[in-house]
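The lines below spell out each chain.
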Amino acid sequence: MIEKQASKITVTKTFFPPIEEYQEQIKRIWINQWLTNRGDLVKELEDKILTYSTGVNIIAMTNGTLPIQIAVKVFGNGGEIITTPFSYVATTSSIVWENCTPVFVDIHPEYLTIDETKIEAAITPKTTAILATHVYGNPCHVDAIEKIATKHHLKVIYDAAHCFGVKYKNNSIFDYGDVSTCSFHATKIFHCGEGGAIFCKDNELFNKLFYHHNFGHNGPLSFHGIGINAKMSELQAAMGLAVLPHIEFIISERKKVVDYYNHNLNFNKLSKLKIRKGTDWNFSYYPLIFNNEEKLLKVEKVLNDSNIEPRRYFYPSLNNLPYVQYQDMPVAEKISKTVLCLPLYVGLDENQLSKITNAINETL
Ligand SMILES: *Cc1c(COP(=O)(O)O)cnc(C)c1O
């Protein structure tokens, strides 16, 4: 019997809501005859995210990178920004884009977030802010970082791109830091195709962030100061409003996949992410850490040969980017070389999962 060719299993697959639900949102746009500049759908999406997730101020934006750039613009002042080498490139590139200097601090070997015990040694008179990533949705040590920031009068920006739905000590993770940002990109757990948001508690800061995201406008005829265009469009919000009602389902389906991996992989020769205590996690990624890069490459090849495509992120460690001053980051470099994110999305079935875990266990 000829076996039907198995379809590819990729590291992630975008969640598509039922098309009728999306069309209903799109219809509203036609009725309103309004496509952008903060229409009804963007405002409704913001309100719903606040209700679902956090009590602080929110501005929906066109992607998850502009909020980081705007926060760096506001707090960076051309100085040094302490940051993590283990994140997506947008964290570091936003610092350099705003003419600030990234100063890397190595990561914790199990939590994979910035090692808060090494932050103070990296502070200089030029330091203006800390920009840390809650990598894979795992919170940084936010309490320790807040203490350090207060003591040294630094601002804290959290790249919370992976964190939709994450709670820490029963608060939304977006409530921490002077500013938090999130991405609603198609590969993220909640998405608008492209999209993002910035979160902040302080009302005065909120006003500043708001005008920065809309060309600096103070009404149609005057300006507060410089700005950029980071506005989310109604078309993006339509997708967000169609996806959001499914978020609990998305998270619970992903939990099933994570539970399967946790129960069926042989952890004698592998390690997994350690989630910080007090966290309600969102099951956004499944990073697997190998003992060395050779083992990772071997497993990756076996999986690729069966049409399974895990992803090596985050690689390379960001201290190796060609436009930053290299600083030795032994933990982040070791982790970058040995971490592989396994397929994780709604709809992965047990057949596919057992294929993945068997291949990994047998290869090791
Ligand atoms: C996805 C991501 C971003 C960028 O978000 P976009 O919406 O793609 O611009 C920033 N930081 C991290 C850690 C990310 O994973």
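Located above this text is the structure these notes cover.
Attention in this report is confined to the structure presented alongside it. Each chain carries its own residue numbering, running from 1 in the written order of its sequence. Residue-level local features of this predicted model are given only where pLDDT is at least 70; pairs of side-chain atoms are given and counted only at 80 or more, and the full residue set underlies all totals for whole chains, interfaces and linings. Hydrogens are left out, water is left out, and the side-chain values use all remaining heavy atoms of the structure.

### Observations regarding the overall build of the protein chain
Along the backbone of the protein chain there are eleven helices and 15 strands. Every radius of gyration here is taken over C-alpha atoms, with the globule rule written as 2.2 Å times N^0.38, N being the number of residues. Since a compact globule built from 364 residues should have a radius of gyration of about 21 Å, the 21 Å found for the protein chain is in line with a globular shape. The C-alpha extent of the protein chain, read off along each of the three principal axes, is 70 × 55 × 35 Å. Think of it in three bands: with a 1.4 Å probe and only protein chains considered, a residue is buried below 20% of the maximum accessible area for its type, exposed above 50%, and partly exposed in between. Taking all 364 residues of the protein chain together, the buried fraction comes to 55%. In what follows, a contact means two residues having at least one pair of non-hydrogen atoms within 4.5 Å. Intrachain contacts of the protein chain at a sequence separation of at least 6 include 70% that bridge at least 24 residues. In this count, Lys and Arg are taken as positive residues and Asp and Glu as negative ones, while His and the chain termini are left out. Note that the charge is assigned to NZ on lysines, CZ on arginines, CG on aspartates and CD on glutamates. Computed over 36 positive and 38 negative side-chain charges, the separation of the two mean positions in the protein chain equals 2 Å. Going along the chain from the N terminus, every DSSP run of H or I of four or more residues is numbered as a helix, and every run of E of two or more is numbered as a strand.

### Quick word on the site of the ligand
Put simply, a residue is near a molecule or strand once any heavy atom of it comes within 4 Å of that molecule or strand. Taken together, 15 residues are adjacent to the ligand, and T65, D159, H162, S183 and K188 come closest. In protein, a polar contact means a hydrogen-donor-capable atom and an acceptor-capable atom, both N or O and within 3.5 Å, with residues adjacent in sequence counting only if both atoms are side-chain atoms; elsewhere, any N or O pair within 3.5 Å suffices. In this structure, an oxygen atom belonging to the ligand sits 2.7 Å away from a main-chain N or O atom of G64. With respect to the ligand, the side chain of H162 contributes an N or O atom lying 2.7 Å from an oxygen atom. For accessible areas, the Shrake-Rupley method is used with a probe of radius 1.4 Å. Any residue's cover is judged against the shown protein chains and nothing else. Contact with the protein chains hides 92% of the accessible area of the ligand, taken as 390 Å² for the molecule alone. For this classification, Asp, Glu, Lys and Arg are treated as charged, while Ala, Val, Leu, Ile, Met, Phe, Trp, Tyr, Cys and Pro are nonpolar and the rest, including Gly, are polar. Of the residues belonging to the shell around the ligand, the class tally is four nonpolar, nine polar and two charged.

### Some details on unusual backbone geometry
The step from Y313 to F314 runs through a cis peptide bond, and the omega angle for that step is 25°. Of note, F314 is situated in the loop between strand 14 (308–309) and helix 10 (330–338). The phi dihedral of N37 is positive, around 60°, even though this residue is not glycine. Checked against the element boundaries, N37 lands in the loop between helix 1 (19–32) and helix 2 (40–53). Exposure remark for N37: the relative accessible area of 45% places this residue in the partly exposed category.

### A closer look at the sheet that holds strand 12 (residues 279–280)
The strand order across the open sheet formed by three strands is 8-7-12, and the pairing between neighbours is antiparallel. The open sheet has two free edges, formed respectively by strand 8 (171–172) and strand 12, since each of these has just one partner strand. Bridge count for strand 7 (residues 167–168) against strand 12 is two bridges, and the pairing is antiparallel. When the bridges of strand 12 are listed, Y168 appears paired with T279. One requirement defines pairing of two strands: DSSP has to find at least two bridges between them.

### Things to note about helix 3 (residues 66–76)
The buried fraction of helix 3 is high, at ten of eleven residues. Along helix 3, the residues classified as buried are L66, P67, I68, Q69, I70, A71, V72, V74, F75 and G76. Among the residues trailing helix 3, N77 stands out with phi positive, at a value near 50°.

### Examining the nonpolar core
Side-chain atoms within 4.5 Å are what join buried Ala, Val, Leu, Ile, Met, Phe, Trp, Tyr and Cys residues into a set we call a nonpolar core. In terms of nonpolar packing, the biggest core is built from 97 residues, with Y136, F164 and F190 touching the most fellow members. No other element matches helix 8 (residues 247–264), which puts seven residues into this core. These domain boundaries are the output of an automatic or database domain assignment. Each of domain 1 (19–245) and domain 2 (247–363) gives at least three residues to this core. M61, V72, C200 and L205 belong to the second largest nonpolar core, which has 22 residues in total.

### Section: the pairing of strand 13 (residues 287–290)
In strand 13, alternate side chains face the same way, and those of P287 and I289 on one face and L288 and F290 on the other are all buried. As paired strands, strand 11 (residues 270–272) and strand 13 are joined by three bridges and run antiparallel to one another. By the bridge assignment for strand 13, S271 is matched with I289.

### Here we look at the environment of N218
By secondary structure assignment, the location of N218 is in the loop between helix 6 (203–212) and helix 7 (234–243). Under the relative-accessibility criterion, N218 is labelled partly exposed at 38%. In this structure, the C-alpha to C-alpha distance between N218 and I59, residues 159 residues apart in sequence, is 16 Å. A polar contact is formed between the side chain of N218 and the side chain of H224, at a distance of 3.5 Å.

### Remarks on the packing of helix 3 against helix 4 (residues 89–97)
To get an axis, a line is fitted to the C-alpha atoms, and for a helix only the part in contact is used. The angle between two axes follows their N-to-C directions and goes from 0 to 180 degrees. Remark: helix 3 packs on helix 4, axes separated minimally by 9 Å, with the N-to-C direction vectors making an angle of 40°. On the basis of their axis angle, the class for helix 3 and helix 4 is oblique. For the crossing formed where helix 3 meets helix 4, the hand is right-handed. Counted together, I68, Q69 and V72 of helix 3 and A90, S94, I95 and W97 of helix 4 form the full contact between these two elements. Partitioning the contact of helix 3 with helix 4 into residue classes produces five nonpolar, two polar and no charged. Comment on the angle field: the value is read as roughly parallel under 35 degrees, roughly antiparallel over 145, roughly perpendicular from 65 to 115, and oblique elsewhere. Handedness of a crossing follows from how the near helix is turned relative to the far one, being left-handed for an anticlockwise turn of less than a right angle and right-handed for a clockwise one.

### Focus on the sheet that holds strand 3 (residues 80–83)
The strand order 2-10-9-6-5-3-4 describes an open sheet built from seven strands, whose pairing is mixed. Looking along the sheet, the strands with just one partner apiece sit at the ends: strand 2 (57–61) and strand 4 (101–104). Neighbour-to-neighbour, the strand axes of this sheet turn through a mean angle of 25°, independent of strand direction. Inspection of the sheet shows strand 6 (residues 155–159) paired to strand 9 (residues 179–183) by three bridges, in the parallel sense.

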